[in-house]
Amino acid sequence: MMPEMHFDEEQPDIPEGQRRRPTGVAAPAVIRSGREVISAELALTIYRQMVRTRALEERSIKMSKSGEAYFWIGGPGEEVVNVCLGLQVHKGEGPAYDYLHLHYRNAGVMLAMGMPMIDHVRQLAMRWTDPHSRGRNFVGHYAVKKWNVVPVTSVIEVQFAMAPGTALMQKRHGLKYPQENEGITIVVGGEAGTAEGDFETCLNWSSRPGNELPVLMIVTNNRFGISTDFTLVCAEKRVADRALPYGIRAETVDGNDPVLVWNALDRAMRYCRRERKPYLLETLVSRLHGHSSSSGAQRDWKQPDPLQMFEEKLLAAGAMDANTVETLWADARAEAEAAVAAAMREPEPRPEDVYRFTYAPSPVDVVYPQDYTGLPGQKDAPEGAG
Amino acid sequence: MATMAQAVRLALHYGEEHLGVTDVFGEDVGPPLGGVFTVTQGLKTAWNTPLDERGIIGTAMGIAYAGGRPVCEIQFCDYAFNVLDLLKIAGNQRWASGGEYDMPIVVMTPTGAGIRGSIYHSHSFDSWATRLPGWKIVMPSNPLDAYGLMLAAILDPNPVLYLLPKALLRVRGERLIPGEPDDPEQLSRMIDAPIGDRTHWTPQWPPVQEYIVPIGRAELVRQGSEATIISYGRHLPMCIQAADELTRQEGIHCDVIDLRSLFPYDWELISQSVRKTGRVLIVNEDTEVTNFAEHLLRRIVEEHFYDLLVRPRALMGKHVPGIGMNQVYERNSVPQLEDVRAAIRELLAEPA
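Residues numbered from 1 in each chain as written. Chains lettered and ligands numbered in written order. Predicted model: local features only at pLDDT ≥ 70, side-chain atom pairs only at ≥ 80, totals over all residues. Heavy atoms only, no water.

Under an unreviewed UniProt entry, the name given to chain B is Alpha-ketoacid dehydrogenase subunit beta, and the organism recorded is Thermogemmata fonticola. Quoted verbatim from the Cofactor (unreviewed entry) heading of the UniProt record, the comment on chain B is "thiamine diphosphate". (UniProt positions renumbered as here; feature names shortened; annotations may be inferred.)

Structure below.
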């Protein structure tokens with residue numbers, strides 16, 4: 001069984017022993033896509049995190065089908081964007097660090113940042129130990145204050161209305177503490193959500209003349225809004241074009257290619273950090289298991305699999321061998337399995353926990369100076385609530 | 001004797017100087033206008049937003065996530081309806097995140113009829129507001145309470161919806177805010193922006209002091225044993241006037257309760273009064289189907305059925321989709337003084 005990991009522990013990179021390559025084949029220094037490159041070492045790190053993410057998602061789907069959980073939603077097919085983003089986030093708490101306004105397909109971001117698998121599973125299994133929502137929210141609805149991951153909602157695109165607020169505080173913070181002037185706001189949503197006004201809110205509020213904000217808007221375009229094809233409801237060819245009238249810099253990138261995505265994210269994040277201005281990055285991604293368990297979560301074999309493609313690329317380049325692939329998959333699956341086994345043994349919420357964490361303690365509230373305990377004056381308020 | 005608009009402005013100024021308010025913002029909230037009701041004139045952190053209510057609430061949430069202390073405004077509560085889901089989300093952030101994230105925002109919005117506002121500037125929001133678990137809802141009926149409730153709203157680390165009774169915003173108070181000059185003309189010269197060019201105008205703030213009206217504490221503004229009249233906001237002065245008339249003309253004394261906080265509400269005070277009088281009237285101007293008064297009536301009936309002498313009542317706005325422009329519509333849609341008067345008399349007249 002894998003030991004349980006905690007937030008503060010650094011994730012191990014590729015263990016030394018797994019980096020062996022076939023004798024006589026020179027390991028490549030870099031992995032290429034067209035004119036863009038990343039180091040082979042980075043490629044292996046990305047690959048490993050993609051495998052971990054996929055293994056966790058596949059085990060999560062199984063949970064929803066086995067009755068261990070009610071519902072699954074996630075991002076198989078979006079691992080490239082998620083992992084590359086998670087590895088580049090400036091992680092920490094407060095405006096000097098990056099704020100993350102994620103959506104519900106971002107397990108890879110969180111794993112790459114160092115979240116232990118079990119914290120994803122705890123939410124899926126609706127345990128009291130779920131640190132994101134105490135078993136209250138759907139899976140993938142993360143909330144981690146110490147990493148500036150604000151609560152994920154199921155209401156699509158509302159996160160785009162909130163992003164200018166954190167970015168505003170970051171811009172001010174940078175003016176006050178120039179040496180820390182690097183925190184940016186990253187907001188992620190799907191292309192279907194760009195039909196909501198909140199997407200336009202973000203473009204507008206982030207680009208007000210003289211008040212431009214460091215917001216990186218990432219649209220993961222999988223071409224489906226649940227079951228509705230993007231081309232049937234949207235006339236524009238590229239979501240990224242929506243940035244044009246606002247004078248916001250934008251790019252569309254193949255979201256299934258880690259080399260391209262890594263560099264596109266790097267460019268976008270550097271721009272937001274340095275210029276303190278917004279950037280729109282559209283990534284074209286796959287959706288390998290449909291919308292969610294509500295649509296069956298069956299594998300769609302017609303969709304290109306970015307993980308398989310990257311695996312083949314790294315093998316062909318000699319960056320890793322079949323043995324490494326096998327080991328990484330076995331480790332990732334064992335890690336996911338252990339996380340599920342451990343989480344399922346953990347306690348569920350108690351009836352009186354219904355009320356908890358409704359209100360923060362308030363010095364000016366005479367009814368709820370601590371927390372909510374039921375209606376004001378209610379005589380049967382549960383013991384221990386609040 | 002500040003008006004309610006001036007009182008809120010003074011409270012926001014105090015909030016900026018002493019309570020860590022980082023942003024006061026909304027549509028036309030910053031210079032040159034300082035708010036369509038002048039509530040935010042001259043404030044140092046006030047700024048104008050795009051005409052976008054969703055952006056206002058979303059940005060307030062973002063500012064709060066990042067450690068700021070925002071007070072934002074929805075220009076009229078009629079425009080809060082397109083942002084109900086964000087209000088719901090703001091109210092659930094702490095609960096949904098298992099205590100990870102607090103949501104210390106204040107949203108103020110003028111509510112109710114009484115300014116000849118027609119269909120889209122006369123709606124009430126109190127009943128909608130109380131359907132937003134996770135929020136605290138306050139509504140003053142006089143300038144001093146408006147000041148004290150705003151300071152409490154700012155100090156409270158939870159989302160607070162601050163409902164401004166539109167019709168009372170320009171009504172002068174009877175009690176001084178601590179630190180306010182005695183002379184209302186002097187106060188006006190100090191903090192009211194001049195008509196016309198305001199480019200070089202800056203307010204001279206009086207040294208106002210901390211004065212808190214605790215959230216969840218109602219005020220018993222008149223005392224009596226004949227009946228309990230519960231109200232808040234615009235209709236509270238009408239209830240006082242009607243009750244005072246009864247006292248003068250017939251020597252009848254009623255409890256009049258100014259709720260001030262709609263959630264959490266002061267159940268203890270309501271409960272004590274109902275036990276004492278056995279007769280209850282609740283007055284507000286929101287529409288009558290699924291009105292907040294209905295919740296109070298339900299509890300009163302359930303918990304005080306055997307204390308009641310006669311059936312309890314609620315006087316509320318008519319269940320119509322808007323307040324028509326012609327005053328015939330408005331007068332006949334929301335309770336007027338004569339309606340309050342008649343309702344109290346009817347309540348008292350019914351044999352026990």
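**Student:** What's the story with the side chain of Arg299(B) in this structure? I'm lost.
**Tutor:** Relative to the helices and strands, Arg299(B) resides in helix H9 (residues 292-304). The residues contacting Arg299(B), other than those within four sequence positions of it, are Leu375(A), Pro376(A), Gly377(A), Gln378(A), Tyr265(B), Trp267(B) and His304(B). (Helix = DSSP H or I, 4+ residues; strand = E, 2+ residues; numbered from the N terminus. Contact = heavy atoms within 4.5 Å.)

**Student:** What is the right way to look at the environment of Asp85(B) in this model?
**Tutor:** The topology assignment puts Asp85(B) in helix H3 (residues 84-96). Considered as a pair, Asp85(B) and Asp286(B) are 201 residues apart in the sequence and their alpha carbons are 21 Å apart. Apart from residues no more than four positions distant in its own chain, Asp85(B) is found in contact with Val155(A), Val158(A) and Arg54(B).

**Student:** I would appreciate a short explanation of the sheet that holds strand E3 (residues 70-73) of chain B in the present structure.
**Tutor:** One key point about sheets: their strands pair by backbone hydrogen bonds, in either a parallel or an antiparallel sense. Residue and element names in this part refer to chain B. Read across the open sheet, the seven strands follow the order E2-E1-E3-E4-E6-E5-E10; overall the sheet is mixed. At either margin of the open sheet sits one strand with a lone partner, and together these are strand E2 (46-48) and strand E10 (261-263). Put simply, the sheet's adjacent strands are angled 25° from each other on average, direction ignored. Direction of pairing for strand E1 (residues 23-26) relative to E3: parallel, over a ladder of four bridges. (Pairing = 2+ DSSP bridges. Axes fitted to C-alpha atoms, helices over the stretch in contact; angles between N-to-C directions.)

**Student:** I'm lost on the pairing of E3(B) in this one. Help?
**Tutor:** Strand residues, when the strand is regular, have side chains that alternate between the two faces of the sheet. All names here are of chain B. Residues of E3 alternate between two faces, with Pro70 and Cys72 on one and Val71 and Glu73 on the opposite face, all of them buried. Strand direction decides the pairing type here: E3 and strand E4 (residues 106-111), joined by three bridges, are parallel. For Cys72, the partnering residue across the bridge sits in E4 and is Val107. This β-α-β element, E3 to H3 to E4, shows right-handed connectivity. (Buried < 20%, exposed > 50% of the residue type's maximum accessible area, 1.4 Å probe, protein only. Right-handed = clockwise from strand over helix to strand, strands pointing away.)

**Student:** Would you mind showing me how to read the interface of chain B and chain A here?
**Tutor:** How big an interface is tends to be stated in terms of accessible area lost as the parts join. The interface of chain B with chain A comprises 54 residues on the first partner and 55 residues on the second. A combined buried area of about 4100 Å² lies between chain B and chain A, and 62% of that area is made up of carbon and sulfur atoms. Run the count over chain B and chain A and you get three salt bridges. At the surface where chain B touches chain A, the tally comes to 18 residue pairs in polar contact (both at pLDDT 80 or more). Put simply, the parts of the chain that give the side of chain B that touches chain A at least two residues each are E2, helix H2 (53-65), H3, helix H5 (143-155), helix H8 (267-277) and H9 of chain B. Counting residues per element, the side of chain B that touches chain A draws most heavily on H2(B), which supplies nine residues. Looking at the side of chain B that touches chain A, its residues break down into 23 nonpolar, 17 polar and 14 charged. (Buried area = accessible area lost by both parts, 1.4 Å probe. Salt bridge = Lys/Arg side-chain N within 4 Å of Asp/Glu carboxyl O. Polar contact = N/O pair within 3.5 Å; in protein donor to acceptor, adjacent residues only side chain to side chain. Nonpolar A, V, L, I, M, F, W, Y, C, P; charged D, E, K, R; others polar.)

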